[in-house]
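For reference, the chains in residue letters:
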Amino acid sequence: MAQHDHTDHGDGQDHSGHDHPHVVDHGEGGHHQLGCGLHGHHGGDFDPGATAFHHIADANIYSVGPFGIPLPCIVYAPGEGWDFFMSSKFHYDAHGTGTHAYNGYVLDGGSIKRVDDDNFPDGLVEGVEIGHDSEGHSAMCYQDKLYPLESKSTADFGLFGGGITGFYDFSITKNVVSMLAVFLIMFFVFRAVASRYKSNPDRAPSGLQGFLEPIFVFIQDEVAKPFLGEHYLKFIPFLMSLFFFILGLNLWGQIPFLGGSNVTGNLAFTAVLAIFAFIVVNINGNKHYWEHVFWMPGVPAWVKVILTPVEALGLFIKPITLALRLFANITAGHMVIIIFVSFIFIFGKSGTVPAGAYGSSIPTVLLTMFMMAIELLVAFIQAFVFTILTTSYLGAAIEDDHAHEGAH
Amino acid sequence: MIFALADFDVIKPDFGLLFWTVVVFLLFWLLIGKFAFKPIAEALRKRETDIQDALDAADRAKAEMANLQAENDRLLAEAREEKVKILKEAKDTSTRMVNEAKDKAKEEAGKILEGARLEITNQKNAAMQEVQNEVGLMALQIAEKVLKKELAGSPEQQQYVNKLVDDIRLN
């Protein structure tokens with residue numbers, strides 16, 4: 001069965017969780033053969049790119065060290081209704097590929113897929129084999145019959161290869177768990193800090209308060225006040241939430257052996273924050289701001305005809321760049337670290353050349369440590385950049401005529 | 001290719017993660033924003049105002065202190081001047097009193113000396129008179145005895161002797 005396919009997955013310490021031995025048992029360089037002519041996902045030569053894609057993706061399992069902790073699955077298929085169950089139902093292996101199907105859902109590489117065949121039985125079905133067909137599409141073999149698998153619906157409208165499919169996945173995934181964990185940590189930390197300000201208003205800050213106050217004051221004094229002036233206090237909760245939520249999740253994703261979840265490197269997450277930023281900016285936009293967008297004062301009419309579409313487009317380009325910038329930076333950081341770790345497997349030829357693996361491990365560890373130091377910096381920089389750009393858009397939306405004239 | 005771009009899942013925003021991100025971020029914003037970030041920002045602003053107020057108060061107190069110091073210095077200088085004046089006056093008074101006393105004493109002493117001198121002169125004159133009288137009488141008695149013996153007492157001679165005695169006294 002599909003147990004010989006462990007030549008994959010350089011376990012970046014950042015994205016670990018599969019600390020099983022990398023059994024070397026691949027055939028003539030080909031993919032491992034499953035039933036129905038399917039190929040196993042993890043056969044053949046080591047593919048660092050695929051490894052990276054797998055590790056940065058969201059999953060219905062939370063991998064902590066060698067343990068794959070099952071998570072609650074909440075799926076909805078139009079016409080069939082809601083299903084609630086734990087992902088342990090799938091009996092997944094270290095790569096998150098299950099051998100059981102449940103109500104027509106299977107687990108393929110950590111994420112839920114649906115059997116695209118109404119004849120497939122509901123309830124728990126054991127002994128399914130998941131792989132891909134000769135064209136690279138995900139498929140499943142059960143009792144020597146080939147079933148196509150469909151991925152969950154995504155909101156990219158086919159732009160990035162996704163789109164609306166037969167079901168929606170609202171599961172508490174690894175990324176959701178990470179968000180909740182960061183939310184809870186931040187909640188208790190900041191409540192404790194806030195209560196210290198309340199109980200000891202006239203004392204010098206100490207402990208946690210002393211650690212967080214400079215960061216808080218930095219965002220307040222270097223970001224909020226210069227752009228928003230006297231209105232800054234009104235927007236502090238939103239801006240601080242953006243900053244500390246992004247920062248917390250950036251850092252959470254870098255803790256080794258804690259799943260290495262890539263929340264801030266997921267377009268869904270960054271898009272939601274960008275949409276919130278878009279809404280907050282435009283709801284607070286004053287007359288002056290809209291005038292500048294749609295009928296720029298002080299320029300000839302024919303220039304206005306050109307400027308208005310550009311400005312209107314700019315309204316949407318701003319949040320799109322916000323979302324893409326954070327997404328690309330964090331995803332790139334995670335991928336680079338995984339690929340550095342992959343060098344061990346590339347030079348060791350997946351374990352067949354131990355000297356290559358041992359020899360490359362030293363520079364690899366050094367490179368990875370260097371990258372992680374950079375990523376620590378990036379975690380702060382990207383949270384800061386997202387916040388300062390949102391604040392600058394907000395500042396442009398709320399500034400009054402007078403301030404604007406002064407700025408020219 | 002096993003993993004095409006189709007497997008680059010992070011760029012495909014799935015509805016579940018969109019939904020949960022909205023939920024968790026709203027929780028974050030409403031709960032932490034309202035119950036932590038806002039009070040912290042307000043406490044920081046209050047502290048800033050307090051510090052500014054305290055600094056301003058210190059500046060004012062400093063200025064006041066400087067004023068007080070100047071006033072003190074002025075008072076001190078005045079007092080010092082006063083002291084010098086008083087001391088000078090006292091010295092003058094005492095000098096004058098001493099001089100007056102000295103003069104008086106000198107005058108008194110002069111008077112006493114004068115009186116004494118007068119007295120001495122008087123006493124001397126009186127004594128001289130007495131001595132003259134005594135000497136005259138003694139000379140008369142001597143002469144009387146001599147003349148009694150010689151002349152048996154002639155009044156013309158008595159007169160003549162008296163005349164002689166007067167001449168002596170006048171000399």
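Predicted model, so just to flag it, every value in this text is computed and none were measured. (Residues numbered from 1 in each chain as written. Chains lettered and ligands numbered in written order. Predicted model: local features only at pLDDT ≥ 70, side-chain atom pairs only at ≥ 80, totals over all residues.)

## Focus: the overall build of chain B
Each helix and strand in chain B was counted, giving 2 helices and 0 strands. For chain B, whose C-alpha radius of gyration is 65 Å, the value lies well above the compact-globule estimate of 16 Å for 171 residues. Along the first, second and third principal axes, the C-alpha set of chain B runs to 205 × 35 × 20 Å. (Helix = DSSP H or I, 4+ residues; strand = E, 2+ residues; numbered from the N terminus. Rg over C-alpha atoms; globule rule 2.2 N^0.38 Å.)

## Examining the overall build of chain A
Tallying secondary structure elements over chain A gives 9 helices and 12 strands in all. Looking at the 408 residues of chain A, the share that counts as buried comes to 44%. When contacts within chain A are restricted to residue pairs at least 6 apart in sequence, those whose partners lie at least 24 apart make up 65%. (Buried ≥ 20, exposed ≤ 12 C-beta atoms within 10 Å, placed from the backbone. Contact = placed C-beta atoms within 7 Å.)

## Some points on unusual backbone geometry
Note on backbone geometry: most residues besides glycine have negative phi, and most peptide bonds are trans. All names here are of chain A. At glutamine 143, a residue that is not glycine, the phi angle is positive and equals roughly 50°. Secondary-structure assignment places glutamine 143 in the loop between β10 (138-142) and β11 (145-150). Look at phenylalanine 257: it is not a glycine, yet its phi comes out positive at around 65°. Checked against the element boundaries, phenylalanine 257 lands in the loop between α4 (232-252) and α5 (267-283).

## Quick look at the interface of chain B and chain A
The partner chain A presents 59 residues to the 43 residues of chain B that form the contact. In terms of residue class, the side of chain B that touches chain A is made up of 31 nonpolar, 3 polar and 9 charged. (Nonpolar A, V, L, I, M, F, W, Y, C, P; charged D, E, K, R; others polar.)

## Some details on the confidence of the model for chain A
Residue and element names in this part refer to chain A. This prediction gives chain A a mean pLDDT of 84; 89% of its residues lie at or above 70. In this model, residues 1-30 is a region of pLDDT below 50 whose contacts with residues beyond four sequence positions or in other chains number 79 contacts. The low-confidence segment residues 403-408, where pLDDT is below 50, has 2 contacts with residues more than four positions distant or belonging to other chains. (pLDDT = per-residue confidence, 0-100.)

## So, the environment of proline 121 of chain A
Inspection of the secondary structure assignment puts proline 121 of chain A in the loop between β7 (111-115) and β8 (124-126). Separated by 196 residues in the primary sequence, proline 121 of chain A and isoleucine 317 of chain A place their C-alpha atoms 47 Å from one another.

## Focus on the pairing of strand β4 (residues 81-86) of chain A
Residues and elements named next belong to chain A. Judged by how many residues are buried, β4 sits mostly at the surface: 0 of 6 residues are covered. Pairing of strand β3 (residues 72-77) with β4, which is carried by 6 bridges, proceeds in the antiparallel orientation. The residue of β4 that forms the bridge with cysteine 73 is phenylalanine 85. Between β3 and β4, which pair antiparallel and follow one another directly, the connecting turn spans 3 residues, one of which, glycine 79, has a positive phi of 95°. (Pairing = 2+ DSSP bridges.)

## Quick word on the nonpolar core
All names here are of chain A. One finds Val106, Ala224, Leu239, Phe243 and Ile246 to be the most contacted residues of the largest nonpolar core, which totals 103 residues. In terms of residue count, the dominant contributor to this core is α4 (14 residues). Shared between two domains, this core holds at least three residues of each, these being domain 1 (72-171) and domain 2 (176-407). Setting aside anything within four residues of it in sequence, one finds valine 106 in contact with Phe90, Gly98, Ala101, Lys113, Val115, Val128, Ile130, Met140 and Leu149. (Core = buried A, V, L, I, M, F, W, Y, C linked by C-beta atoms within 7 Å. Domains from an automatic or database assignment.)

## Examining the domain arrangement of chain A
Its domain assignment divides chain A into domain 1 (72-171) and domain 2 (176-407). One C-alpha centre belongs to domain 1 of chain A, the other to domain 2 of chain A, and the line joining them spans 34 Å.

## Details of the sheet that holds β4 of chain A
Backbone-to-backbone hydrogen bonds join strands into a sheet, with any given pair of strands oriented parallel or antiparallel. All names here are of chain A. If you trace the 3 strands from one edge of the open sheet to the other, you get β4-β3-β12, paired in antiparallel fashion. Looking at which strands have only one partner, the edges of the open sheet turn out to be β4 and β12 (168-169). Where β3 meets β12, 2 bridges bridge the pair, whose relative direction is antiparallel. By the bridge assignment, tyrosine 76 is partnered in β12 with tyrosine 168.

## Things to note about the pairing of strand β2 (residues 67-70) of chain A
Residue and element names in this part refer to chain A. Where strand β1 (residues 61-64) lies against β2, 4 bridges are found, and the strand directions are antiparallel. Looking across to β2, one finds that isoleucine 61 is bridged to proline 70. Where β1 hands over to β2, the hairpin turn is made up of 2 residues, of which glycine 65 adopts a positive phi near 55°.

## A closer look at helix α1 (residues 48-56) of chain A
Residues and elements named next belong to chain A. In terms of burial, α1 is a largely internal element, 7 of the 9 residues being buried. Among all positions in α1, only Pro48, Thr51, Ala52, Phe53, His54, His55 and Ile56 are buried. Packed against the buried residues of α1 are α7 (301-347).

## Remarks on the packing of helix α2 (residues 174-199) of chain A against α4 of chain A
Residues and elements named next belong to chain A. For the pair α2 and α4, interaxial distance at closest approach is 10 Å and the crossing angle is 120°. In terms of orientation, α2 and α4 fall into the oblique class. The interaxial crossing formed by α2 with α4 has right-handed handedness. The residues of α4 that touch α2, namely those facing Ser178, Met179, Ala181, Val182, Ile185 and Met186, are Phe244, Phe245, Gly248, Leu249 and Trp252. (Axes fitted to C-alpha atoms, helices over the stretch in contact; angles between N-to-C directions. Parallel < 35°, antiparallel > 145°, perpendicular 65-115°, else oblique. Left-handed = near helix turned anticlockwise from the far one by under 90°.)

## Some remarks on the packing of α4 of chain A against helix α8 (residues 354-398) of chain A
All names here are of chain A. Contact geometry for α4 and α8: axes closest at 8 Å, N-to-C directions at 160°. Between α4 and α8, the crossing angle belongs to the class labelled roughly antiparallel. Here the hand of the crossing between α4 and α8 comes out right-handed. Along the contact surface, α4 presents Phe235, Leu239, Leu242, Phe243, Ile246, Leu247, Asn250 and Leu251, while α8 presents Ala379, Phe380, Gln382, Ala383, Phe386, Thr387, Thr390, Thr391 and Leu394.

## Here's the deal with the confidence of the model for chain B
All names here are of chain B. Of the residues in chain B, 93% reach a pLDDT of 70 or more, and the chain-wide mean stands at 88. Contacts from residues 1-6, a stretch scored under 50 in pLDDT, to residues over four places away or in other chains number 13 contacts. Reported confidences for the modelled complex are a pTM of 0.77 and an ipTM of 0.87.

## Notes on the environment of glycine 49 of chain A
Mapped onto the elements of the fold, glycine 49 of chain A is located in helix α1. When the C-alpha positions of glycine 49 of chain A and glycine 110 of chain A are compared, they lie 17 Å apart, and in sequence the two are 61 residues distant.

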